[in-house]
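This is what each chain is made of:
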Amino acid sequence: MIKKIRALVLFSGGLDSTLAVKVLEKQNIEVVALSFVSYFFDDTKAKISAEKNNLNLRSVNFADIHCDVVKNPKRGYGKAMNPCIDCHLLMIREAGKIMRAEGFDFVATGEILGQRPMSQNLQSLKIIEKEAGLEGRLLRPLSAKLLDETEVEKQGLVDREQLLDISGRSRQRQLELVKELSVDYYPSPGGGCMLTEIEFGKKLKKLLQAIEKPTASDFALLQVGRIFWTGSTRIVVGRNSEENEKLKKMREKQDTLVELQDFMGPVTLVRGIVIGEIMEEAKKITASYSKHTKQMDYRKLSFLVC
Ligand code: SF4
């Protein structure tokens, strides 16, 4: 029996990665669409897109190693706190590990030459391939004909003639391919990664300045509530009942929870050193975010502190 060629394709759920999968499947290559989950993005978009396009999806949680990249990206951040080049490289590296461990023939991505001037120019694509330890085994099916021939093509595992020559930022050709390759669904571009959000980036920056070694739990806590800093201590106030519940669940041993005893109001989590004046501040803030007590003197209120 002829062995089927197997590929891992980095898959966000967006149009480009969906097309990359379809281009390979058209050549009868067995494709696993690989999606990553971290503290800053999940696989929701990938799951929906894979289901609607009938793709074989695998999700990998790489939150802890991704955190290290977010804390200290070799190539710096984008407009917000998004370490896109290092993040992308990490995904390709992880895909390479799975490829070697499970006997896949190559890794592919939906990258398009020139689509992102910084990270998808000819030189960057080559650097990524080399640094990921995937020389000759990293295929970009949508731009392959504009790039050097890979080992995968030279060995005949993939027919180069059936690969594409897309470049630049226009999506015209991709939209034509939606019909040609029978793509049933693709989401609108962007979204899904908190690291690209300016406001979230500000919170993250503050965390990295205030805490020398933030933990995974510190990153997760950034996504909940209103955050107030006093030195290196955080006072996090839930904005609704869902966030109140989340804060209770996220509480760690060293954290303190503050709630109004006699009135409905937010749950406040205090993380860090809790000296007298910080506790006073936490109580004051807690009272100010309850509609029942915001006009009252917090010093006359009772609080549950645990
Ligand atoms: S947008 Fe987010 S997930 Fe995508 S490469 Fe950048 S940091 Fe990574």
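Bear in mind that the values here come from a model prediction, so they are computed numbers and not experimental data. (Residues numbered from 1 in each chain as written. Predicted model: local features only at pLDDT ≥ 70, side-chain atom pairs only at ≥ 80, totals over all residues. Heavy atoms only, no water.)

Here we look at the overall build of the chain
The helix and strand tally for the chain stands at eleven helices and ten strands. With respect to the principal axes defined by its C-alpha atoms, the chain has extents near 80 × 40 × 35 Å. Every one of the 306 residues in the chain was classed for burial, and the buried ones make up 49%. Partitioning the intrachain contacts of the chain with sequence separation of at least 6 by distance along the chain shows that 59% fall at a separation of at least 24. Charged side chains of the chain number 48 positive and 41 negative; the gap between the two group centres comes to 3 Å. (Helix = DSSP H or I, 4+ residues; strand = E, 2+ residues; numbered from the N terminus. Buried < 20%, exposed > 50% of the residue type's maximum accessible area, 1.4 Å probe, protein only. Contact = heavy atoms within 4.5 Å. Lys, Arg positive; Asp, Glu negative; His and termini not counted. Charge placed at Lys NZ, Arg CZ, Asp CG, Glu CD.)

Looking at the site of the ligand
Near the ligand the following residues occur: Phe 41, Pro 83, Cys 84, Cys 87, Met 91, Cys 193, Leu 195 and Thr 196. Grouping the constituent residues of the shell around the ligand by class yields seven nonpolar, one polar and no charged. (Near = heavy atom within 4 Å. Nonpolar A, V, L, I, M, F, W, Y, C, P; charged D, E, K, R; others polar.)

Focus: the pairing of strand S7 (residues 233-237)
Within S7, five of the five residues are buried, which leaves it mostly tucked inside the rest of the structure. Side chains Thr 233, Ile 235 and Val 237 of S7 all project onto a buried face; the interleaved residues Arg 234 and Val 236 project onto the opposite face, where all are buried too. In terms of strand pairing, strand S6 (residues 226-230) meets S7 through five bridges, oriented antiparallel. Bridging from a neighbouring strand, Arg 226 pairs with Val 237 of S7. In textbook terms, the turn of a hairpin is the stretch between consecutive antiparallel strands, and for S6 and S7 this stretch comprises two residues, one of which, Gly 231, has a positive phi near 60 degrees. (Pairing = 2+ DSSP bridges.)

Some thoughts on the domain arrangement of the chain
If you check the domain split of the chain, you get domain 1 (6-180) and domain 2 (224-305). A C-alpha centroid distance of 43 Å is found between domain 1 and domain 2. (Domains from an automatic or database assignment.)

Let's talk about the side chain of Ser 143
Here Ser 143 lies in the loop between strand S5 (138-139) and helix H6 (151-154). Engagement of the side chain of Ser 143 in a polar contact is seen with the backbone nitrogen of Leu 113, the distance being 2.9 Å. There is a polar contact of 2.6 Å between the side chain of Ser 143 and the backbone oxygen of Ile 166. Residues contacting Ser 143, with those up to four places away along its chain left out, are Glu 111, Ile 112, Leu 113, Leu 164, Asp 165 and Ile 166. (Polar contact = N/O pair within 3.5 Å; in protein donor to acceptor, adjacent residues only side chain to side chain.)

Side note on helix H7 (residues 172-180)
Within the sequence span of H7, burial applies to Gln 174, Leu 177 and Val 178. The buried residues of H7 all sit within an arc of 115 degrees when viewed along its axis, so they share a single face. The exposed set on the far side of H7, more than 90 degrees from its buried face, consists of Lys 179 and Glu 180. Looking at the buried side of H7, the elements it contacts are helix H1 (15-25). (Arc of directions from axis to C-beta.)

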